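Chain by chain, the residues:
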Amino acid sequence: MTTANPVRPADPAAPPAGRSPRRISINLRQSGIYVAFALIVVLFEVITGGALLEPQNISNIIVQNSYVLILAIGMILVIISGHIDLSAGSVVAMTGAVAAVLTVNLGLPWPLAVVLTLVVGAVIGAWQGYWVAYFGIPAFIVTLAGMLAFRALTLTVLGNQGIGPFPDAIRTLSNGFTGGYLGNIGLGPLGGADLVSLLAGVVVVAGIVLTQWRKRAARLGYGQEVDPFPLFVLKIAVAAALVLAVVVQLARFRNLPWVLVLLAVLVLGYSLVAGKSVFGRHVYAIGGNLQAATLSGVKVKSVTFWVFVNMGVLAALAGIIFAGRLNQAGPTAGVNFELDAIAAAFIGGAAVQGGVGKVVGAITGGLIMAVINNGMSLIGAPSERVMLVKGTVLLAAVAYDIWTKRRAAAR
């Protein structure tokens, strides 16, 4: 009598039966935006003779484009849910005007003025979210009307003149830098660099390593495919090297911009909301398949409403940052900001039909636009050429996304 060999449980890290181990390859659809960003940086670094990656210029790129990056965080959630917001630039102008009236004309303490301005942004978002979510008017129409209406209100409040100057705290948030609390440390031929900034860079790198390692371990635990270990290590090493390189350059100039600290908090928080929370999963579900989300019990109207409220709050924050940077609220503030934010989201990998996109991708798309703006400015290119290049990049990004989808479907 023979006994059957005991059945051993499958190794979750092993490849499926009948399939050879996964070869080292790069998913161009997911990694293409980062490869393109690296190539654009290298191209402009060469064209500008090394001026692009100078410490002061890196700081300028971050500070001068911070408000667009903030808008891109909100815009990516709107686009993922299958909608669009054309009013963001006008809301930036209006909330900047509100902040100016509260701080300069009425003399309110700046913390109270900031909170009230954010509340105004939330009310604007709730107004637009109601018409989209509960009344059923397409977001394109609602926000197009908002773009006109809020610009008109801005002109009504400000007329043809600006209001300023802003309190020092708001200007510091927009243009200021962290203090050298622990002094500088020598970096050999690079000179001195702020120790606190360097430690912050090390903490960020440690966070990247930890989160990616846990993500890989979780996927292995569920028997899902992961990148081969050498490729995984290579990706982490490249990301860590880029973060440390930027931080070192900033630490050599005037330390970390406060607005970069704010952006880091926003990116971390919204990445967790989009990727880990129930609300984030519902946003993806609505954009991916509205009918399926409705049948699954997702409160579509409520989620859509809060997506627009969130967009209004972030637009108000961007309005405060932009007005503080200029040290006044002007009637022409925010012109075309919504187009830059939309472009950043699509260049960063968002799908036109919704359901796809990441916060980090939107930030990367925004940085691509920022590098193009800055690099073209350094070489003295006229504004029409800058717009031509940005339009071409946007078209290429969307075309690339559609091409990769068709290629995947054909397989």
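Residues numbered from 1 in each chain as written. Predicted model: local features only at pLDDT ≥ 70, side-chain atom pairs only at ≥ 80, totals over all residues. Heavy atoms only, no water.

### Some points on the domain arrangement of the protein chain
So the rule is basically this: Note: domain ranges come from an automatic or database domain assignment. Whether two residues are in contact is decided by their heavy atoms: any pair within 4.5 Å suffices. Take the accessible area each of two parts loses on contact, using a 1.4 Å probe, and add the two losses: that sum is the buried area. Here, a salt bridge means any side-chain nitrogen of Lys or Arg that lies within 4 Å of a carboxyl oxygen of Asp or Glu. By the criterion applied in these results, polar contacts are pairs of N or O atoms within 3.5 Å in which, for protein atoms, one can donate a hydrogen and the other can accept it, and in which residues neighboring in sequence qualify only through two side-chain atoms. The helix count covers DSSP runs of H or I at least four residues long, the strand count covers runs of E at least two residues long, and both are numbered beginning at the N terminus. Classification used: nonpolar for Ala, Val, Leu, Ile, Met, Phe, Trp, Tyr, Cys and Pro, charged for Asp, Glu, Lys and Arg, polar for all others including Gly.
According to the domain assignment, the protein chain contains domain 1 (49–176 + 257–405) and domain 2 (182–256). The distance between the C-alpha centroids of domain 1 and domain 2 comes to 27 Å. On the domain 2 side, the residues contacting the eleven residues of domain 1 number seven residues. Overall, the association of domain 1 and domain 2 removes approximately 740 Å² of surface from exposure, summing both partners, and the carbon and sulfur fraction of that is 73%. Of all residues in domain 1, Pro55, Ile58 and Pro257 bury the most surface against domain 2, accounting for 53% of the area lost on that side. Inspection of the region where domain 1 meets domain 2 yields zero salt bridges. At the junction of domain 1 with domain 2, the criterion picks out two residue pairs in polar contact (both at pLDDT 80 or more). Those elements giving two or more residues to the side of domain 1 that touches domain 2 turn out to be helix H2 (55–64) and helix H10 (258–276). The dominant element in the side of domain 1 that touches domain 2, judged by the number of residues it contributes, is H2, at five residues. By residue class, the composition of the side of domain 1 that touches domain 2 is seven nonpolar, three polar and one charged.

### Observations concerning the nonpolar core
Defined as follows: We call a set of buried residues a nonpolar core when its members are Ala, Val, Leu, Ile, Met, Phe, Trp, Tyr or Cys and they connect through side-chain atoms within 4.5 Å of each other. The classification of residues rests on relative accessible area computed with a 1.4 Å probe and restricted to protein chains. Under 20% of the type maximum is buried, over 50% is exposed, and intermediate values are partly exposed.
Core analysis: the biggest nonpolar cluster contains 62 residues, and Ile70, Leu71, Ile73 and Ile76 have the highest contact counts within it. With sequence-adjacent residues up to four places away left out, Ile73 is seen in contact with Leu266, Val267, Tyr270, Leu314, Val359 and Ile363.

### With respect to the packing of aromatic side chains
Two aromatic rings are characterised by how far apart their centres lie and by the angle between their planes. Under the convention used in this document: Classification of ring pairs uses Phe, Tyr and Trp, with its six-membered ring standing for Trp, and accepts pairs whose centres are within 6.5 Å; under 30 degrees between planes counts as stacked, over 60 as edge-to-face, and the remaining range as tilted.
Using the criterion set out here, one finds 13 aromatic pairs in the structure. Measuring from ring centre to ring centre gives 4.7 Å for Tyr67 and Phe322, while their planes differ by 75 degrees; the resulting arrangement is edge-to-face. In this pair, Tyr67 is assigned in helix H3 (residues 66–80) and Phe322 in helix H13 (residues 300–326), connecting sequence segments 255 residues apart. Among the residues examined, Phe322 registers a relative accessible area of 11% and is labelled buried. Between Tyr130 and Trp131, the aromatic rings sit 5.2 Å apart at their centres with planes inclined by 70 degrees, giving edge-to-face as the arrangement. Take Trp131: its relative accessible area is 24%, and that puts it in the partly exposed class.

### Considerations on the packing of helix H14 (residues 337–347) against helix H15 (residues 359–378)
What counts here: Only the stretch in contact is used when fitting a helix axis, every axis being a line fitted to C-alpha atoms; angles between N-to-C directions are given from 0 to 180 degrees. An angle counts as roughly parallel when it lies under 35 degrees, as roughly antiparallel when it exceeds 145, as roughly perpendicular when it falls between 65 and 115, and as oblique in every other case. In a left-handed crossing the near helix is turned counterclockwise from the far helix by less than a right angle, and in a right-handed crossing that turn is clockwise.
Contact pair H14 / H15: the axes reach a minimum separation of 7 Å and the direction vectors enclose 120 degrees. Comparing the axis directions of H14 and H15 gives the class oblique. H15 is crossed by H14, and the crossing has right-handed handedness. Residues Asp340, Ala343, Ala344, Ala345 and Ile347 of H14 form the contact with H15, whose participating residues are Gly361, Ala362, Gly365, Gly366, Ile368 and Met369. Residue composition of the contact of H14 with H15, by class: seven nonpolar, three polar and one charged.

### Re a nonpolar patch on the surface
Note the threshold: Candidate patch residues must exceed 30% relative accessible area and have no salt bridge, after which like charges are joined if within 9 Å and Val, Leu, Ile, Met, Phe, Trp or Tyr side chains if within 5 Å. Every accessible area reported is derived by Shrake-Rupley at a probe size of 1.4 Å, with residue values counting cover from the shown protein chains alone.
A contiguous nonpolar surface patch, about 450 Å² in accessible area, is contributed by Leu173, Tyr181, Trp258, Val261 and Val265. No other element matches H10, which puts three residues into the nonpolar patch. Structurally, Trp258 is set in helix H10. Among the residues examined, Trp258 registers a relative accessible area of 31% and is labelled partly exposed.

### Considering the pattern of salt bridges
One pass over the full model with this rule turns up three salt bridges. The closest approach of N and O atoms between Asp227 and Lys235, which form a salt bridge, is 2.9 Å. Here Asp340 makes a salt bridge to Lys390, at a shortest N to O gap of 3.5 Å. Placement of Asp340 in helix H14 and of Lys390 in helix H16 (residues 383–410) is noted, with a sequence separation of 50 residues between them.

### A word on the side chain of Thr48
Looking at the element boundaries, Thr48 is found in the loop between helix H1 (28–47) and H2. The exposure class of Thr48 is buried, given its relative accessible area of 16%. Here the side chain of Thr48 touches Phe44 through a polar contact of 2.5 Å, landing on its backbone oxygen. Once you skip the residues sitting within four places of it in the chain, Thr48 turns out to touch Gly375, Leu378 and Ile379.

### Points about the side chain of Asn374
Here Asn374 is to be found in helix H15. In this structure Asn374 comes out as buried when scored by relative accessible area, which is 11%. Setting aside anything within four residues of it in sequence, one finds Asn374 in contact with Leu52, Asn57 and Ile61.

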